[in-house]
Amino acid sequence: MSFPPEQSGWRLRAVPGGVRVLLTLLLLNGLFLALDIPRHAGPGWLAWEAVVLAGLFAVLPLAVARVLARVVAAVLLALIVLALFEALARVSLARPLNVYVDIGLLDAVFRLLTGNLPTFGVILAVAALLAVIGLAVWSLARLLARPVVPRGAGFVLLGAGLAGLAGHAVGVEPPRTAAPAVALVTEQVDGMREARREDRALAHRLEEDPQLAEPRPLEGLAGVDVVVGLIESYGVSALEIPRYAEVIEPTLEDLQQDLAARDLHAVTGVMKAPVAGGQSWLAHATLLSGVAVRHAGQYRRLQERERATLVQDFAATGHHTAMLAPAITLDWPQGRWFGWDRILDRDGMDYRGPPFFWVTMPDEFTWWRFEQDVRPHPQGGEAPVFAMLALVSSHAPWTPVLDVLDDPDAMDDGRVFHEQAGAGPAPEVLWRDFDRVRDHYAEAVRYSLEVSGHWARDHVDEDTLFLMPGDHQPAALITGPDPSWAVPVHVISGDPDLLEPFRARGFHDGFELPPATGDKDIPGFEDLRDWLHEGYTERP
């Protein structure tokens, strides 16, 4: 960053000294206070870092000030970008940013954005945002390059600012004052230390726990089809927030009646997902492994060596195992690590219909493909199946919301869905109105539950155990700030005895959530593997 000579361009000398003082202090203070916005730490009136810098540049020699101004501007630009990512993490993942664990998500974020919005538009928007920020920081650097207050006043400001930072460090500071940059950096350092501590604890457990290393047959589920259909972005907020519940609950009530008419039974409980807002693959890994996997580094740690999961447990019980993952569009070596007998990704699903922005195919088709090509039919000698279906229709951007087909026999290769390809608003139109986004979210979850319920109604029997959990809570835009990370877990079977182990864990008959408890008292996804082993040592 360089500054034009005083003889050309914008002449700082032409700006009255008092105005320059005010401009510099306001710009510095505003930029630093803005760092607190994603953390909901405001409203503050004064940032101590701004006071320190205003005083510091008043007492520095001019040549040093010009060099340091560029450094300060670059650091402040980096902090602003960090704060923007902090805001994105809080809105999308319902937690603070942790650069140590989240740096690997940049590619996933870009692919998600370009899967829902025009690529050129995404790049242009990011470039425009960075240009605006860069202009503000460049202007600040020019202002800082010259003293803005008298040298004596500069020492006073510097001393006051350092005293304010010291008070902040010990928790004693005047009201409406803050140290946003210090807090932001401190939060990242603390987050890195905590993540590294969790990584060491996970590595120790994986090394020391023999139950994680060897398959353990589930004798009580021998001969039983066990199917896990994960409903994307289906958290307890979908049934606890009235605007969503009034859309979703009637579908669950209809399903309850349909199941009762076929002598099928259901229980419902809640479990806590390891993530919120996204990163479904971590929820899948946690369910299967019996280990809480909260970020990509732990996912890699889990897969550093061969070890057993529910996949190997069911294989040892005599089950054929299959994973249906229609959202997987690239090579997926991590999926092969789990040892599935068969993985059907987007290409393996043989779907010839249209994608719906990020959603590669409707859940109704995924269930149809599963029943046609994966699940054994009642023919003698065929092995039971353990299958996980990672459903996607209730994934953002929640448009279009599809109609359930009147004639499922017309499914074929999915071309029938071309009739609905133009339904609903485009994401860039829908997302201009967050209230409409929330309405579409509820309808998308309703659709996924409806088609999953239809599969249960038509295909679950006394030798089937069907688990229908949400994979995680949706983004904070849907839930509001600081949501629970709990998700509903519905379990359906034609044999009521198969549901007894879940009733023993506090699950209630039907589809209503049990009474709410704090998140600390809710079992996590990592508990499911042990639950199954404890509850199904023999056929109930």
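For the structure itself, look to the data block above.
Owing to the predicted nature of the structure, the values given are computational and were not obtained by experimental measurement.

K.L.:
When you look at helix α10 (residues 242-261) in this model, what are you seeing that I'm missing?
P.N.:
Note: α-helices contain 3.6 residues per turn, so residues at a spacing of three or four share the same orientation. Over its 20 residues, α10 extends 28 Å from the first C-alpha to the last, a length consistent with the 28 Å expected when each residue adds 1.5 Å. Its maximal kink placed at Ile248, α10 deviates by approximately 30°, while the proline Pro250 follows within four residues. Listed as buried for α10 are Tyr244, Ala245, Val247, Ile248, Thr251, Leu252, Leu255 and Leu259. As for α10, its buried residues are in contact with α9 (237-240), β4 (265-272), α17 (434-459), β8 (464-469), α18 (476-479) and β9 (486-493). Phi turns positive, to about 60°, at Asp263, one or two residues after α10.

K.L.:
Honestly, the packing of helix α13 (residues 310-317) against helix α20 (residues 528-535) in this entry has me stumped. Any pointers?
P.N.:
Each pair of packed helices can be summarised by the angle the axes make with each other and by the distance between the axes. With their axes 11 Å apart at the nearest point, α13 and α20 run at an angle of 25° to one another. Classified by the angle their axes make, α13 and α20 are roughly parallel. Residues Leu310, Asp313 and Phe314 of α13 form the contact with α20, whose participating residues are Arg529, Leu532 and His533.

K.L.:
Any chance you could explain the pairing of β8 here in plain terms?
P.N.:
Residues in a regular strand point their side chains to alternate faces of the sheet. Across the 6 residues that make up β8, a large majority, 6, are buried. Neither face of β8 is exposed, since Thr464, Phe466 and Met468 on one face and Leu465, Leu467 and Pro469 on the opposite face are all buried. Bridge count between strand β3 (residues 225-230) and β8: 4 bridges; the pairing is parallel. Note on β8: the bridge partner recorded for Val227 is Phe466. As judged from the 5 bridges shared by β8 and β9, these two strands associate in the antiparallel manner. Bridge pairing in β9 places Pro469 opposite Val489.

K.L.:
Quick question: what am I supposed to make of the pairing of β4 here?
P.N.:
Among the 8 residues that make up β4, 6 are buried, leaving the element largely enclosed by the rest of the structure. Pairing analysis gives 2 bridges linking β4 to strand β10 (residues 508-509), with the strands arranged antiparallel. The partner of Val267 across the bridge, within β10, is Asp509.

K.L.:
Looking at this structure, I do not really get the packing of α10 against α17. What am I missing?
P.N.:
Running from N to C, α10 and α17 cross one another at 10°; their axes reach a closest spacing of 9 Å. Accordingly, the angle class assigned to the pair α10 and α17 is roughly parallel. A class-by-class count of the residues in the contact of α10 with α17 yields 11 nonpolar, 2 polar and 9 charged.

K.L.:
How do you make sense of the pattern of salt bridges when you look at a structure like this?
P.N.:
Note on pairing: side chains with opposite charge can pair once their charged atoms come close. If you walk through the whole model with that rule in mind, you get 21 salt bridges. A salt bridge links Arg336 to Asp331, with the nearest nitrogen and oxygen atoms 3.1 Å apart. With a closest N to O distance of 2.9 Å, Asp350 and Arg352 form a salt bridge. Arg352 sits in the partly exposed class, given a relative accessible area of 43%. Through salt bridges with shared partners, a single network forms among Arg243, Asp435, Arg438 and Asp439.

K.L.:
Looking at this structure, I do not really get the environment of Ala322. What am I missing?
P.N.:
Here Ala322 lies in strand β5 (residues 320-324). A C-alpha to C-alpha distance of 7.5 Å links Ala322 and Val385, two positions 63 residues apart in sequence. Sequence-distant contacts of Ala322, defined by excluding residues within four places in its chain, comprise Trp340, Arg342, Val374, Phe386, Ala387 and Met388.

K.L.:
Even after reading the chapter, I still don't get the environment of Gly30, so can you show me in this structure?
P.N.:
Checked against the element boundaries, Gly30 lands in helix α1 (residues 17-34). Note on Gly30: relative accessible area 37%, which makes it partly exposed. Through-space distance from the C-alpha of Gly30 to that of Leu46 is 8.6 Å; in sequence the pair is 16 residues apart.

What counts, and where the lines are drawn
Residues numbered from 1 in each chain as written. Predicted model: local features only at pLDDT ≥ 70, side-chain atom pairs only at ≥ 80, totals over all residues. Heavy atoms only, no water. Helix = DSSP H or I, 4+ residues; strand = E, 2+ residues; numbered from the N terminus. Expected span 1.5 Å × (residues − 1). Bend = angle between axes of the 7 residues up to and from the residue. Buried < 20%, exposed > 50% of the residue type's maximum accessible area, 1.4 Å probe, protein only. Contact = heavy atoms within 4.5 Å. Axes fitted to C-alpha atoms, helices over the stretch in contact; angles between N-to-C directions. Parallel < 35°, antiparallel > 145°, perpendicular 65-115°, else oblique. Pairing = 2+ DSSP bridges. Nonpolar A, V, L, I, M, F, W, Y, C, P; charged D, E, K, R; others polar. Salt bridge = Lys/Arg side-chain N within 4 Å of Asp/Glu carboxyl O.

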